[in-house]
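Summary of structural features
Listed below, chain by chain, are the residues.
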Number of protein chains: 2
Amino acid sequence: MSGCLTVVGLGPGDDRFLTPEARKALASAQALYGYGPYLDRVPLRDGQARNPSGNRVEGTRAQVALAHAASGAHVAMVSGGDPGVFAMAAAVCGEIEDGPEAWRALDLRIVPGITAMLAVAAKAGAPLGHDFCAISLSDNLKPWELIERRLDAAASGGFVIAFYNPISTARPWQLGQAFARLGHHLSPTTPVIFGRAVGRDDEAITVTTLDKAAETHADMATLVIVGSPETRVVTRNGQTPLVYSPRMTAPVSA
Amino acid sequence: MSGCLTVVGLGPGDDRFLTPEARKALASAQALYGYGPYLDRVPLRDGQARNPSGNRVEGTRAQVALAHAASGAHVAMVSGGDPGVFAMAAAVCGEIEDGPEAWRALDLRIVPGITAMLAVAAKAGAPLGHDFCAISLSDNLKPWELIERRLDAAASGGFVIAFYNPISTARPWQLGQAFARLGHHLSPTTPVIFGRAVGRDDEAITVTTLDKAAETHADMATLVIVGSPETRVVTRNGQTPLVYSPRMTAPVSA
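A quick note: this is a predicted structure, and the numbers were derived from the prediction, not measured.

To continue, consider the overall build of chain A. When you go through chain A residue by residue, the secondary structure sums to nine helices and 13 strands. Overall, the C-alpha framework of chain A stretches about 60 × 40 × 35 Å when taken along its three principal axes. Relative to its 254 residues, chain A shows a buried fraction of 52%. Pairs at least 24 residues apart make up 74% of the contacts formed inside chain A by residues separated by at least 6 positions.

Okay, structure coming up:
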């Protein structure tokens, strides 16, 4: 039997976001790999081996799963959200490039999922309705100077910005510094959305402005969206305001 | 009965990408609105009214659906891909802002979907594995000068770039000009992916380089991804090469 590795996006939160393609891939796998809390979201099935690992061992996890697939097994690697967005798919591709020739011959499939910024945007309105970018604020894997350069480029280009990995115990100051940096380009009243644990029971959406954003609580389960100068807020009685970025942009004066 | 409007993302292509939440929203609606070809992807159900419209009447479509929902009906608006990415959710929010007060009181829900760039990226490897942006190349709704400014900002910032709406009969030259513009910032060997009709039977993924990209066929069903200087191509015998953007970035020398 020829082995295969399928990298499966679970989407954020609960099963309402799990696509039929992802469900099928999970059901047909002989062995599952992934960060423990993501694996816990996959229903147990008799005869299917589960191999949880910690959240800082992406490379090793990818190697072990690839070696298992190369031995002839049908292996699935689970990923929260979309595996292609700051997640396992790039780690798997990197290990294939650096690994034995046999890994390049494997049947590799990547099953997309709803990534966090889409789920948060849907809860808030349509903040990503116009040109936008996604930036990981983690400086574990790239220098902070590069992140600052990208913040400047994104804000001066008029992009809406989604922050992945905004904060962690080991990275407590980066989000505040990013807001301060954006403050050099954007109005203090620029809308900012904090989406925490979207798709889970404790989901929370907070809409604020750039000048107050630094004081708002964020954690590892939070995705942050910063509007562009075009982003608008529609107040609604007794409901969270709608935040959206119009598809139409006025001619630029500058 | 109090009305509601649910904007539902179908994902690209066939039902394999349709989330359980989207399926449920479609099944419970009394009336469906949307661009004809998207509506055609939703299974028929007795007693459910279908209201197809053309692809250039987003504002009017949103108004009619909102008025219908405000009359007390359960209305669903369908959108290809994700409704929040260059699609119907922003149009609905805009009409709510400009419309009668009653529309702000409506129960509005937006159901996210797999957007085209995630599906194309999954087929190609993990080109969006690092910081990226999404730009609509349509200059129907914004001036071309603004698009050029964003191309410059994105390329100089080292973002991977996904192009939505790359080309149409009325916009034949914009994609070629965008590639030429990016050529001022990026190496001629920068990987470029053309993903056409992903999720459909006639799906096609082409991997090429920036200097050859202009010659490659694109149409309205194509999504284009242009790599960053970090994006890598892994050749594979008898298979499409893998394209990925590593999560790790080396320190910047400049």
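Within a sheet, neighbouring strands are paired by backbone hydrogen bonds and run either parallel or antiparallel to one another. Strand order across the open sheet formed by three strands is S6-S13-S12 (chain B), with mixed pairing between neighbours. A strand with exactly one partner marks an edge of an open sheet, and here the two such strands are strand S6 (125-126) and strand S12 (232-236) of chain B. Note that S6 of chain B and strand S13 (residues 239-244) of chain B share two bridges and pair parallel. Paired with Gly125 of chain B across the two strands is Val243 of chain B, which belongs to S13 of chain B. Contacts between helix H4 (residues 88-98) of chain A and the sheet are confined to S6, S12 and S13 of chain B, with S13 of chain B contributing the most and set at about 120° to the helix.

Turning our eyes to something else, we now look at the domain arrangement of chain A. All names here are of chain A. Per the domain assignment, the segments making up chain A are domain 1 (4-114) and domain 2 (117-244). In this structure, domain 1 and domain 2 have C-alpha centres spaced 28 Å apart. Among the residues making up the side of domain 1 that touches domain 2, the classes are represented as five nonpolar, two polar and two charged.

The subject of this paragraph is the pairing of strand S4 (residues 74-79) of chain B. A regular strand places its side chains on the two faces of the sheet in alternate fashion. Residues and elements named next belong to chain B. Burial of S4 is extensive: five of the six residues sit out of reach of the surface. Relative to S4, strand S1 (residues 4-9) runs parallel, the two sharing six bridges. If you follow Gly9 over to S4, its bridge partner there is Ser79. Where strand S2 (residues 31-35) meets S4, three bridges bridge the pair, whose relative direction is parallel. For Leu32, the partnering residue across the bridge sits in S4 and is Ala76.

This prediction gives chain A a mean pLDDT of 94; 97% of its residues lie at or above 70. Among the scores for the predicted complex, ipTM is 0.96 and pTM is 0.96.

One open sheet holds the 10 strands; their spatial order is S10(A)-S9(A)-S11(A)-S8(A)-S7(A)-S7(B)-S8(B)-S11(B)-S9(B)-S10(B), and the pairing between them is mixed. Either end of the sheet is taken by a strand with one partner, and the two such strands are strand S10 (204-209) of chain A together with strand S10 (204-209) of chain B. Here the average twist between neighbouring strands, direction ignored, is 15°.

Moving on, we get to unusual backbone geometry. Phi is positive for Phe86 of chain A, close to 50°, though the residue is something other than glycine. Along the chain, the position of Phe86 of chain A falls in the loop between strand S4 (74-79) and H4.

The figure often quoted for interface size is the accessible area lost as the parts come together. Across the contact, 65 residues belong to chain A and 65 residues belong to chain B. Class assignment for the residues of the side of chain A that touches chain B results in 38 nonpolar, 13 polar and 14 charged. Two elements, strand S7 (residues 132-136) of chain A and strand S7 (residues 132-136) of chain B, share three bridges in a ladder whose sense is antiparallel. In the strand pairing of S7 of chain B, Cys133 of chain A is matched with Cys133 of chain B.

A word on the nonpolar core. As a rule of thumb, nonpolar side chains are buried together in soluble globular proteins. If you look at the biggest cluster of nonpolar residues, it comprises 171 residues, and the most contacted ones within it are Met77 and Val92 of chain A together with Leu5, Met77 and Val92 of chain B. What Val92 of chain A contacts, discounting residues up to four positions off in sequence, is Leu5, Val7, Ala62, Leu66 and Met77 of chain A.

The next subject is the relation of the copies chain A and chain B. Between chain A and chain B, which share one sequence, the superposing operator has a rotation angle of 180° and an axial displacement of 0.0 Å; the RMSD is 0.0 Å. A rotation of that kind, with that shift, is consistent with a two-fold axis. When C-alpha distances to the rotation axis are compared across chain A, the minimum falls at Cys133 of chain A, with a value of 1.9 Å. Comparing interface residues between copies, 100% of those in chain A also lie at the interface in chain B; the contact surface is shared.

The next point concerns the packing of helix H3 (residues 58-70) of chain B against helix H4 (residues 88-98) of chain B. Residue and element names in this part refer to chain B. Across the interface, H3 lies against H4 with an axial gap of 9 Å and an inter-helix angle of 65°. Our pair here, H3 against H4, has a crossing hand that is right-handed. For the pair H3 and H4, contact is made by Glu58, Gly59, Ala62, Gln63 and Leu66 and by Met88, Ala91, Val92, Glu95 and Ile96, respectively. Residues of the contact of H3 with H4, tallied by class, amount to six nonpolar, two polar and two charged.

About the thresholds
Residues numbered from 1 in each chain as written. Chains lettered and ligands numbered in written order. Predicted model: local features only at pLDDT ≥ 70, side-chain atom pairs only at ≥ 80, totals over all residues. Helix = DSSP H or I, 4+ residues; strand = E, 2+ residues; numbered from the N terminus. Buried ≥ 20, exposed ≤ 12 C-beta atoms within 10 Å, placed from the backbone. Contact = placed C-beta atoms within 7 Å. Pairing = 2+ DSSP bridges. Axes fitted to C-alpha atoms, helices over the stretch in contact; angles between N-to-C directions. Domains from an automatic or database assignment. Nonpolar A, V, L, I, M, F, W, Y, C, P; charged D, E, K, R; others polar. pLDDT = per-residue confidence, 0-100. Core = buried A, V, L, I, M, F, W, Y, C linked by C-beta atoms within 7 Å. Least-squares fit on C-alpha atoms with pLDDT ≥ 70 in both. Left-handed = near helix turned anticlockwise from the far one by under 90°.

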